[in-house]
Amino acid sequence: GDSVTQTEGLVTLTKGLPVMLNCTYQTTYSPFLFWYVQHLNEAPKLLLKSSTDNKRTEHQGFYATLHKSSSSFHLQKSSVQLSDSALYFCALSEGNMGYKLTFGTGTSLLVDP
Amino acid sequence: GALVYQYPRRTICKSGTSMRMECQAVGFQATSVAWYRQSPQKTFELIALSTVNSAIKYEQNFTQEKFPISHPNLSFSSMTVLNAYLEDRGLYLCGARRGANSDYTFGSGTRLLVI
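Quick caveat: nothing in here was measured; it's all calculated off a predicted structure. (Residues numbered from 1 in each chain as written. Chains lettered and ligands numbered in written order. Predicted model: local features only at pLDDT ≥ 70, side-chain atom pairs only at ≥ 80, totals over all residues. Heavy atoms only, no water.)

Q: Honestly, the overall build of chain A in this entry has me stumped. Any pointers?
A: Of the regular secondary structure elements, chain A holds zero helices and twelve strands. Scaling as 2.2 N^0.38, a compact globule of 113 residues should have a C-alpha radius of gyration of about 13 Å, and chain A matches this with 13 Å. Counting every position in chain A, which comprises 113 residues, the buried fraction comes to 46%. Residue pairs at least 24 apart in sequence account for 55% of intrachain contacts in chain A once pairs closer than 6 positions are excluded. As displayed, chain A has an accessible area near 5,400 Å², and 51% of this comes from carbon and sulfur atoms. (Helix = DSSP H or I, 4+ residues; strand = E, 2+ residues; numbered from the N terminus. Rg over C-alpha atoms; globule rule 2.2 N^0.38 Å. Buried < 20%, exposed > 50% of the residue type's maximum accessible area, 1.4 Å probe, protein only. Contact = heavy atoms within 4.5 Å. Areas by Shrake-Rupley, 256 points an atom, 1.4 Å probe, with all protein chains shown as cover.)

Put into C-alpha cells, the structure is as follows:
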C-alpha cells in the first residue's frame, strides 16, 4: 500500500535560518503530494500541494518540488520565523485528487528566537 | 471561507462505554467527509470515507460495527466510538471537501481519553 516517510520527528532551529523537512513516499499510482501545517490546538491546514514532476510550488515562503525519480517532496524555507513553529505533515493521495490521504508521522518544527 | 468544526474538543469516557463526536462544515457543502484517528505515537489513519448518496467505505482494521458514521446532509457528519477501550484513545480528525477535485478542510479534532 501507499506510505509516506518523514524522517525527522523534531527539528529545532534559530530564527532566520533555512530549513528542510524531509518527505519520501511509496505508491504504485500517480502521486499527488501535500504538506499540511498544524499549529497547537488548531486544525491542520493545507500549505502546499503538487502532482507535477520537477516543478517548484510555493506558498507563504515555503516551497517544495515533487521529484518522482527519488519519490520525494521535501519542504523548505529560506528563513524560518517564530510563527513557523508547528507540526508539519506530508501526505500522499493516489492519482488526481484521489479520495484517500495517507499521512506521514509528522515533523515538529521549533524555532528559537 | 470554508471551515470545519468538531465537537467536543476533548472527552473522557469509561472503558466499555460509547462516545459520539460531531463534525460540522461551514461555508461549503461537504459532499465527502473523511474520519481519521491519530493514536499516540502514530500518524493519522483513515477510518472511513463518507460520500453523500454513496455507501460509507471503511478502511481495513475499522468497521461500521465499531465506528458507525452518519452523514445525513451536506453540512454534518457524526461518528460514534462504540465500546471504547484504551486502544481507541487518540485524536479523531474530520476532513470535509466539496467534491473529488477539491482539497480537504480539516477540523481541530476530538481528543478521546478512555479510562
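Q: I'm lost on the packing of aromatic side chains in this one. Help?
A: Aromatic ring pairs are reported here in terms of the distance separating the ring centres and the angle at which the planes meet. Applying the stated criterion across every chain, the model contains 13 aromatic pairs over all chains. Grouping aromatic residues by their ring pairs yields a cluster made of F32, F34, Y36, F89 and F103 of chain A together with Y36, F44, Y104 and F106 of chain B. Between the NZ or CZ atom of R56 of chain A and the centre of the ring of Y63 of chain A, over which it lies, the distance is 3.6 Å. (Phe/Tyr/Trp six-rings, centres within 6.5 Å; stacked < 30°, edge-to-face > 60°. Lys NZ or Arg CZ within 6 Å of the ring centre and 35° of its normal.)

Q: Would you explain the pairing of strand β5 (residues 44-51) of chain B in this entry?
A: Within a regular strand, side chains alternate between the sheet's two faces. All names here are of chain B. The buried fraction of β5 amounts to six of the eight residues, a majority that puts the element mostly inside the structure. Here strand β4 (residues 32-38) pairs with β5 via seven bridges, running antiparallel. Note that in β5 the partner of Y36 across the bridge is L46. What sits between β4 and β5 in their antiparallel hairpin is a turn of five residues, with Q41 showing a positive phi close to 70°. Taken together, the two bridges between β5 and strand β6 (residues 57-58) define a ladder with antiparallel strand orientation. Considered in β6, the bridge of A48 is made with Y58. The antiparallel hairpin formed by β5 and β6 contains five residues in its connecting segment, where N53 sits at a positive phi of about 70°. (Pairing = 2+ DSSP bridges.)

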